[in-house]
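# Chain and residue survey
Listed below are the residues making up each chain.
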Amino acid sequence: MYALYFILVVIICCIMMSNTVANEMREHIPFFEDICKGIKAGDTCEKLVGYSAVYRVCFGMACFFFIFCLLTLKINNSKSCRAYIHNGFWFFKLLLLGAMCSGAFFIPDQETFLNAWRYVGAIGGFLFIGIQLLLLVEFAHKWNKNWTAGTASNKLWYASLSLVTLIMYSIATGGLILMAVFYTQKDGCVENKILLGVNGGLCLLISVVAISPCVQNRQPHSGLLQSGLISCYVTYLTFSALSSKPVEVVLDQHGKNVTICVPDFGQDLYRDKNLVAGLGTTLLCACILYSCLTSTTRSSSDALQGRYAAPELEVARCCFCFASGGEDTEEPQNVKEGPRVIYDEKRSTVYSYAYFHFVFFLASLYVMMTVTNWFNYESANIETFFSGSWSIFWVKMASCWICVLLYLGTLVAPLCRPSPHFSV
């Protein structure tokens, strides 16, 4: 239900950022201007469209999730009184969310509010990105540790580790080579060449550090599987950043405008801007929602707090992301066939309610900054969002470098401060 509320508000934000929708409403709604004047939204409802409207709506949604984060702090039992606030009253919550999003339009001194809220949104958006990057690094370490634990009993796990590692490095290497072919030219494209060289060098650096003797002595579970996964993610972010970069146009020898530093087959991708905007927005919402829901599991919460299972308790399995039901399940093994749900609340609730709402609070800020094109908000609209922006380009490149630094930190930190807290 919270995810549905989130999707509903995101759709409203995308509509507010769409010039096409605004024009269609202006042309097909009778007495459109009279309605706009009646609700005091301007002559053409200009107060209900654009980045300022998205800021206000996302302010209401962020406040909604932040209030529930405070209301659900330290809930350890899903049957407690405060837990019912989290798990029920859906109609009243929808009314509250609508009231908070609408009430944001009546905040006095809108100019000061928007300027201040912009910085809050940028901080929250980067925190959301940081949580996802931390969980990615934790996932890489967990994967390697789980499969390495299986090598003690079955040598086939060595083959699995080697095969997956080889595939990942092949993808990363092949991706960088293809980008060098399609996003660079013999003359020009210096920025693309530098970025590809830097990111390729970072992939090589983390691979060398991961298998260096000093790191292996402190962390025997460190290996090429983690660095291969991070290298694949770096390659993906590099491609995403280069494809988000504004196109470069130069005059050829015949005096015609020619687009350079992009693939030839990519020059016609943005002809149908409505189709691109629709598909891109759908994928964006799906990725953000997936990140929110996977970030709020108990294992993710434990990982962010530095709590890991002991290596000797690891049971190697292909689907290691899903609980094996070993340590926390006291049910007998000879159960009848059929679906069942085990509510394990020996330590706490199945997931942290407060942390759940906090992640959605940060996601609200991330959506606000992403839909409004981060720092190029004044000229932002959803139709041109996927056609190239320097803000999105640098946000993706910064995410790439932060991910590498986080992974290097997990490798180097034990050398400076040998402690079980840093053990991976």
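This is a predicted model, so every value here is computed, not measured.

### Considerations on the pattern of salt bridges
Summed over all chains, the structure comprises 1 salt bridge. Of the charged contacts in the structure, one is a salt bridge between glutamate 191 and lysine 245, with a shortest N-O distance of 3.0 Å. Of the two residues, glutamate 191 sits in helix α9 (residues 190–210) while lysine 245 sits in the loop between α11 (224–244) and β1 (248–251), which places them 54 residues apart along the sequence.

### Concerning the packing of aromatic side chains
By the definition in use, this model includes 22 aromatic pairs. Summarising the aromatic geometry, the rings of phenylalanine 64 and phenylalanine 65 are spaced 5.2 Å apart at their centres and angled 80° between planes, so their arrangement reads as edge-to-face. The same class applies to phenylalanine 64 and to phenylalanine 65, which are both buried. Every member of this aromatic cluster is reached through a ring pair, and the members are Tyr2, Tyr5, Phe6, Phe64, Phe65, Phe68, Trp90, Phe356 and Phe360. When the ring centre of tryptophan 90 is taken as reference, the NZ or CZ atom of lysine 93 above it lies at 4.2 Å.

### What to know about the nonpolar core
Ranked by internal contacts, the top residues of the largest apolar core, which has 80 residues, are Phe6, Phe64, Phe65, Phe128, Ile230 and Ile288. Among the elements that take part in this core, helix α7 (residues 110–150) stands out by supplying 14 residues, more than any other.

### Describing the environment of alanine 241
Summarising the element assignment, alanine 241 is placed in helix α11. A residue is classified by how much of its surface remains accessible, and alanine 241, at 0% relative accessible area, is buried. Sequence separation between alanine 241 and tryptophan 390 is 149 residues; the distance between their C-alpha atoms is 9.2 Å. Apart from residues no more than four positions distant in its own chain, alanine 241 is found in contact with Phe393, Lys396 and Met397.

### Observations regarding the side chain of threonine 372
By secondary structure assignment, the location of threonine 372 is in the loop between α14 (353–371) and α15 (390–416). Only 2.6 Å separates the side chain of threonine 372 from the backbone oxygen of methionine 368, close enough to count as a polar contact. There is a polar contact of 3.4 Å between the side chain of threonine 372 and the backbone oxygen of methionine 369.

### Topic: the packing of α7 against α11
The relative placement of two packed helices is expressed as an angle between their axes plus a distance between the axes. Closest axis-to-axis distance for the α7/α11 pair is 8 Å, and the angle between their directions is 145°. Where α7 crosses over α11, the handedness of that crossing is right-handed. On α11, the residues that touch Leu133, Leu136, Val137, Phe139, Ala140, His141, Trp143 and Asn144 of α7 are Leu225, Gln226, Leu229, Ile230 and Tyr233. Of the residues assigned to the contact of α7 with α11, the class counts are 10 nonpolar, 3 polar and no charged.

The rules we used
- By convention here, each chain's residues receive numbers from 1 onward along its written sequence.
- Note on the predicted model: pLDDT of at least 70 is required for a residue's local features to be given, and 80 or more for side-chain atom pairs to be given and counted; whole-chain, interface and lining totals, by contrast, use all residues.
- Hydrogen atoms and water are omitted, and side-chain values are computed over all heavy atoms in the structure.
- Every case where a carboxyl oxygen of Asp or Glu lies within 4 Å of a side-chain nitrogen of Lys or Arg is listed as a salt bridge.
- Every helix listed is a DSSP run of H or I at least four residues long, and every strand listed is a run of E at least two residues long, numbered separately from the N terminus.
- The aromatic pairing rule takes the rings of Phe, Tyr and Trp, using the six-membered ring of Trp, and pairs them if the centres are within 6.5 Å, calling planes under 30 degrees apart stacked, those over 60 edge-to-face and the rest tilted.
- Three labels apply to residues, based on accessible area from a 1.4 Å probe with only protein chains included: buried if under 20% of the type maximum, exposed if over 50%, partly exposed otherwise in between.
- Geometrically, a charge over a ring is one whose NZ (Lys) or CZ (Arg) sits within 6 Å of the ring centre while staying within 35 degrees of the ring normal.
- Among buried residues, those of type Ala, Val, Leu, Ile, Met, Phe, Trp, Tyr and Cys that are joined through side-chain atoms within 4.5 Å constitute a nonpolar core.
- Contact criterion: two residues are considered in contact whenever any of their non-hydrogen atoms come within 4.5 Å of each other.
- Between N or O atoms, a polar contact is any pair within 3.5 Å; within protein, one atom must be a potential hydrogen donor and the other a potential acceptor, and residues adjacent in sequence are included only when both atoms are from side chains.
- Axis lines are fitted through C-alpha atoms, for helices just across the contact stretch, and the angle between N-to-C directions can take any value from 0 to 180 degrees.
- Two helices crossing with the near one rotated counterclockwise from the far one by less than a right angle form a left-handed crossing, whereas a clockwise rotation gives a right-handed crossing.
- Three classes are used: nonpolar for Ala, Val, Leu, Ile, Met, Phe, Trp, Tyr, Cys and Pro, charged for Asp, Glu, Lys and Arg, and polar for all others, with Gly counted as polar.

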